[in-house]
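Reading the structure
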Amino acid sequence: MIFASHIFIFGFLPLFLATYYLAPARARSALILLASYGFYGWWRVDYLGLVIAISLVSYVAAAAAARAASPRARKCAVTTGVVLILGALGYFKYATFVVGLTSDLGVALGGPGFAIDAIILPIGISFLSFQAISYIIDVARKDAPPARNLIDYLAFVSLFPQLIAGPVLRYKDLADQFVQRTHSMEKFGLGVRRFVEGLAMKLLIADTVAPLADRAFALTDPTMAEAWLGTLAYSIQLLFDFAGYSSMAIGLGLMVGFTFTENFNAPYTSTSITEFWRRWHISLSAWLRDYLYVPLGGNRGGAIATYRNLLLTMVLGGLWHGANVTFILWGALHGAALAVEKLLGVRAGQSRLPFGISWVTTMVIVMIGWVLFRAPTLADALAMYRGMLGLNDVALSSSFLYATQSVELLALCIGGTLATLGPRLKAMSVTPPQRGLTTTACLMIASTLVLSARLNSPFLYFQF
Amino acid sequence: MFNDVQNSLLPTSFALAIAVPAALGLATTELPRADLSVMSGTYQRAYEDRFVDGFPLTEISREAYTALNLALFNQTDPEVVIGADDWLFTTEEFRAPSASVDFAAEIRATADELAQHGIRLVPIIIPDKARIYADKLPRARDAELSVRYDAALDVLATEGFEGLDPATWLTAARAEGATFMRTDTHWSPFGAEQVANRISDALGARGSLNFETQTLAAQDFDGDLMPFVDTGRFAPWVGIPQEHVDLSQTTKRDDDGLGLFGDEEIGIVLVGTSFSARAEFNFDGALKAATGFDVVNLAVEGQGPFAPMSEALADGVLTEIAPQFVIWEIPERYIQPWRLK
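Remember, predicted model here, so these are calculated numbers, not experimental data. (Residues numbered from 1 in each chain as written. Chains lettered and ligands numbered in written order. Predicted model: local features only at pLDDT ≥ 70, side-chain atom pairs only at ≥ 80, totals over all residues.)

1. Section: the overall build of chain A
From N to C terminus, chain A includes 18 helices and zero strands. Relative to the 2.2 N^0.38 estimate, which gives 23 Å for 464 residues, the radius of gyration of chain A is 23 Å and therefore close to what a compact globule would have. Seen along its three principal axes, the alpha-carbon backbone of chain A occupies a region of about 65 × 65 × 50 Å. Looking at chain A alone, contacts between residues at least 24 apart form 75% of all its contacts between residues at least 6 apart. (Helix = DSSP H or I, 4+ residues; strand = E, 2+ residues; numbered from the N terminus. Rg over C-alpha atoms; globule rule 2.2 N^0.38 Å. Contact = placed C-beta atoms within 7 Å.)

What follows is the structure, given as structure tokens:
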């Protein structure tokens, strides 16, 4: 089930909220668990078994690690749990990719090619795996206490607001909230506001500019203007799609008393790639830092080892997004940029160059990376790069102009303005409560209108 | 106290806004067939589809969104271009076709195969509406699309076909009436008749049958592009005006002679697309009236011009009928522009 759908907003959500607030406090974790399984099972019930299996493996492994009598036994429990979870992730997400690469290599060496049947990628498995792994490691490191009971833990892992596309939550951040959390009209109202803002980001901006990006990326020989316009459109689409989803998740959490960590903080205002990763998909950046970069040695082994660890972390982070060489190269691009900035002594928010130059440079690198992120194949990405370099033609073609809708350009302008000037605009405005209510109501009406008019609104991050 | 009311206003409004449609939707949505699988999610998809179909705001939202776009931008959908005086064009005429077909090779192979059975192929390129009514467009099309029609005629000339040029005929006939429908991708009955008359002149043969064409009363006509600009209940304030069509019907005269045992000689088989298949435009009727031949219409809607011809050749229907002529109606927009270079 997706948030931006009729069945969620006008079916699941009101039913869940009514039941939740009618239920006694002690039954609410169990209710969240049931609702979350219903939410996931709406896609396919058969794959719910995988969610439960990963949850149980991490619960048992963490419990074994917490009770381990020796460091070796603890390590054994952690390794077993992590390997089992990564094994499931590897099978469902990477088996086809690895078999394909192996087959291609075999053919290149003169052997026969081979293939396996297509494997359905269970939605949300990447986020689920990361949360489960972080729980095992946090408990083993004694950063977090083991879950109070199995129901609380299962409810945490499958918590429907963040089950499918994050933010990547950590049990230690929510453990106390499962024991005790507050509910108030004010908190609920804030949740409504965040949810509606996220819905509007998704439906009014991301989905409106999406056709513009799709058309540009479908061109075999885009002109310079088409390639840059398409990349810009995708940059705005991705931000508003994913940040919109995160905002909805945070809003839904607030409606039932949870406070989730923020996942985005105006990433397109960054003046370095280092700063960008402090602002983009913050929960993933933090996860990669704590559970990959630091265990690899972080910056403790000298300059060369630091650059290697940065590169490796980002390449693996890229691979996490999808089994495709384009994601690996996207990760490598960001890893290399981070390493170079480390070498130059760049710190987040402290650029050595004038603001304009460092901002433009950062955004160009980010956009070049998004081409790899969006293109289905490396060949498609290279076609886009040829266009960006002006190797085909320069101006927008007449056919592209005929297909382009003014509403797409309007959404692109609004999205671009909010993405780059949003924080400043917000700082300048003082919003009285009644105006906030009016804004929320207008956004809700506009979103419902657009949702009903278009009827189909999948989230980009579902594929990860 | 004031703050309490203030704080509860948004949650209460939101709760009502989602609860009322939910109560209506959940109460009125019928359950799907029980044999659909819950495990694989097909049951859930079916229920969701029904839920959305019954959602009270779906229709009015779609109409309002279209009306808003039309009023603000004079655009409604990437699949339609709105030109001057409410002339609509399909965007298929503004981009290369998705299917890649070697036009020259197709023409050559078809002509050769038919010639083996003594049948003459008469390919007719139907020009884009955007070519005949270019003056209604806000800007010129891409250069490769502009030259596509002439390049297609060059291919036909190279392959030895007589130079039939419907673009010139349809453009000239605009002085007497609209040769394309305003809200539809296709030609008007008048445009179809003009082309049929010119083809008849070019065939160099005339059949012995007599047909008469009756003009029926003008009727309301919703072109195939109207669904993209449908503003529904907002149409009185913002919308594309409906157009009318003068339908016609062609029938054989009763006194016309038949062959022995009532069999008729079929002079023409018509193969093509919706230009020929749709009864409103009466192209086959106009051909009958103009040529005096009976016409078997094998045109098919929605498959482009190449698939119906391949099918007709493959199942042997053309050689079985053995007409004198096979008229192959090929809309320009199905021809790859750069393959003609």
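Next comes the rest of the write-up.
2. A short note on the overall build of chain B
For chain B, the helix and strand inventory stands at 13 helices and eight strands. Relative to its length of 341 residues, chain B is extended, with a C-alpha radius of gyration of 26 Å against a globular reference of 20 Å. Seen through its principal axes, chain B has C-alpha atoms that stretch 95 × 50 × 45 Å. Restricting to contacts in chain B with at least 6 residues of sequence separation, those with at least 24 account for 76%.

3. Structural notes on the domain arrangement of chain A
Residue and element names in this part refer to chain A. By domain assignment, chain A separates into domain 1 (6-180) and domain 2 (187-271 + 353-463). In this structure, domain 1 and domain 2 have C-alpha centres spaced 28 Å apart. Between domain 1 and domain 2, the contact holds 14 residues from the first and 16 residues from the second. When contributions to the side of domain 1 that touches domain 2 are tallied by element, the ones reaching two or more residues are α1 (6-22) and α7 (171-179). Looking at the side of domain 1 that touches domain 2 residue by residue, the classes come out as nine nonpolar, four polar and one charged. (Domains from an automatic or database assignment. Nonpolar A, V, L, I, M, F, W, Y, C, P; charged D, E, K, R; others polar.)

4. Section: the pairing of strand β4 (residues 211-221) of chain B
Residues and elements named next belong to chain B. Within β4, only one of the 11 residues are buried, leaving the element largely exposed. Direction of pairing for β4 relative to strand β5 (residues 243-252): antiparallel, over a ladder of nine bridges. For D220, the partnering residue across the bridge sits in β5 and is H244. (Buried ≥ 20, exposed ≤ 12 C-beta atoms within 10 Å, placed from the backbone. Pairing = 2+ DSSP bridges.)

5. Things to note about the domain arrangement of chain B
Split into domains, chain B comes out as domain 1 (2-56) and domain 2 (80-340). Here the C-alpha centroids of domain 1 of chain B and domain 2 of chain B sit 48 Å apart.

6. Quick word on the interface of chain B and chain A
Contacts between the two partners involve 42 residues from chain B and, on the opposite side, 39 residues from chain A. Counting only elements with at least two residues in the side of chain B that touches chain A, the list comes to α1 (2-28), α2 (42-53) and α3 (58-73) of chain B. Of the residues contributing to the side of chain B that touches chain A, the split by class is 23 nonpolar, 13 polar and six charged.

7. Looking at the sheet that holds strand β7 (residues 294-297) of chain B
All names here are of chain B. Taken in spatial order, the four strands make up an open sheet running β3-β8-β6-β7, and their pairing is parallel. Looking at strand neighbours, the two that pair on one side only are β3 (120-126) and β7, the edges of this open sheet. Here the average twist between neighbouring strands, direction ignored, is 25°. Across four bridges, the pairing between strand β6 (residues 266-271) and strand β8 (residues 325-331) is parallel. Considered in β8, the bridge of L270 is made with I327. (Axes fitted to C-alpha atoms, helices over the stretch in contact; angles between N-to-C directions.)

8. Focus: the confidence of the model for chain A
Across chain A, the average pLDDT comes to 89, with 95% of residues at 70 or higher. Ranking the helices and strands of chain A by mean pLDDT puts helix α15 (residues 378-388) of chain A first, with 96, and helix α18 (residues 433-454) of chain A last, with 85. (pLDDT = per-residue confidence, 0-100.)

9. A closer look at the packing of helix α2 (residues 28-41) of chain A against helix α6 (residues 150-158) of chain A
Residue and element names in this part refer to chain A. One way to put it is that α2 packs onto α6 with a least axis distance of 8 Å and a crossing angle of 40°. Crossing handedness for the pair α2 and α6: left-handed. In this structure, α2 uses S29, A30, I32, L33, S36, Y37 and Y40 to contact α6, whose residues at the interface are I151, D152, L154, A155 and S158. (Left-handed = near helix turned anticlockwise from the far one by under 90°.)

10. Some points on the nonpolar core
Counting 143 residues, the largest nonpolar core has A65(A), I136(A), V209(A) and A233(A) as its most contacted members. Aside from chain neighbours lying at most four places away, what touches A65(A) is R74(A), A77(A), V78(A), I136(A), V139(A) and A140(A). In this structure, Y402(A), I125(B), Y133(B) and I240(B) belong to the second largest nonpolar core, which totals 70 residues. (Core = buried A, V, L, I, M, F, W, Y, C linked by C-beta atoms within 7 Å.)

11. So, α6(A)
For α6(A), every residue scored as buried is listed here: Y153(A), L154(A), A155(A), F156(A), V157(A) and S158(A). Among the structural elements, α2, α3 (48-67), α5 (125-141) and α7 of chain A are those in contact with the buried residues of α6(A).

12. With respect to the confidence of the model for chain B
Residues and elements named next belong to chain B. Of all residues in chain B, 94% attain a pLDDT of 70 or more, and the chain-wide mean is 88. Considering each helix and strand of chain B separately, the mean pLDDT is smallest for α1, with a value of 84, and largest for helix α5 (residues 129-132), with 96. The ipTM for the predicted assembly is 0.82, set against a pTM of 0.88.

13. Section: the packing of helix α9 (residues 224-255) of chain A against helix α14 (residues 355-374) of chain A
Residue and element names in this part refer to chain A. Between α9 and α14, the least distance of the axes is 9 Å, while the angle of their chain directions is 80°. Of the possible angle classes, the one that applies to α9 and α14 is roughly perpendicular. Note on element contacts: α14 touches α9 through M367, W370, V371 and R374, opposite T231, L232, Y234, S235 and L238. Of the residues in the contact of α9 with α14, the class split is six nonpolar, two polar and one charged. (Parallel < 35°, antiparallel > 145°, perpendicular 65-115°, else oblique.)

14. Topic: the environment of I445(A)
All names here are of chain A. Note that I445 resides in helix α18. What makes I445 partly exposed here is the crowd of 14 C-beta atoms within 10 Å. Sequence separation between I445 and T404 is 41 residues; the distance between their C-alpha atoms is 25 Å.

15. Observations concerning α2(A)
All names here are of chain A. For α2, which comprises 14 residues, the first-to-last C-alpha distance of 19 Å matches the rise-based estimate of 20 Å (1.5 Å per residue) to within 8%. Three or more residues of α2 are buried, namely S29, I32, L33, A35, S36, F39 and Y40. Buried residues along α2 sit against α1, α3, α6 and α7. (Expected span 1.5 Å × (residues − 1).)

16. Remarks on unusual backbone geometry
Residues and elements named next belong to chain A. Phi is positive for K142, which is not a glycine, with a value near 65°. Here K142 shows up in the loop between α5 and α6. What makes K142 exposed here is the crowd of 11 C-beta atoms within 10 Å. In this structure, A266 is a non-glycine residue whose phi angle is positive, near 50°. Within the fold, A266 resides in the loop between α9 and α10 (273-279). Look at A266 and you get partly exposed, because 18 C-beta atoms sit within 10 Å.

17. A word on the environment of S184(A)
Tracing the backbone through its elements, the reader meets S184(A) in the loop between α7 and α8 (185-218). For S184(A) and M255(A), which are 71 residues apart along the polypeptide, the C-alpha to C-alpha distance reads 8.7 Å.

18. As for the environment of A155(A)
Relative to the elements of secondary structure, A155(A) occurs in helix α6. With residues near it in sequence (within four places) discarded, A155(A) still touches S29(A), I32(A), L33(A) and S36(A).

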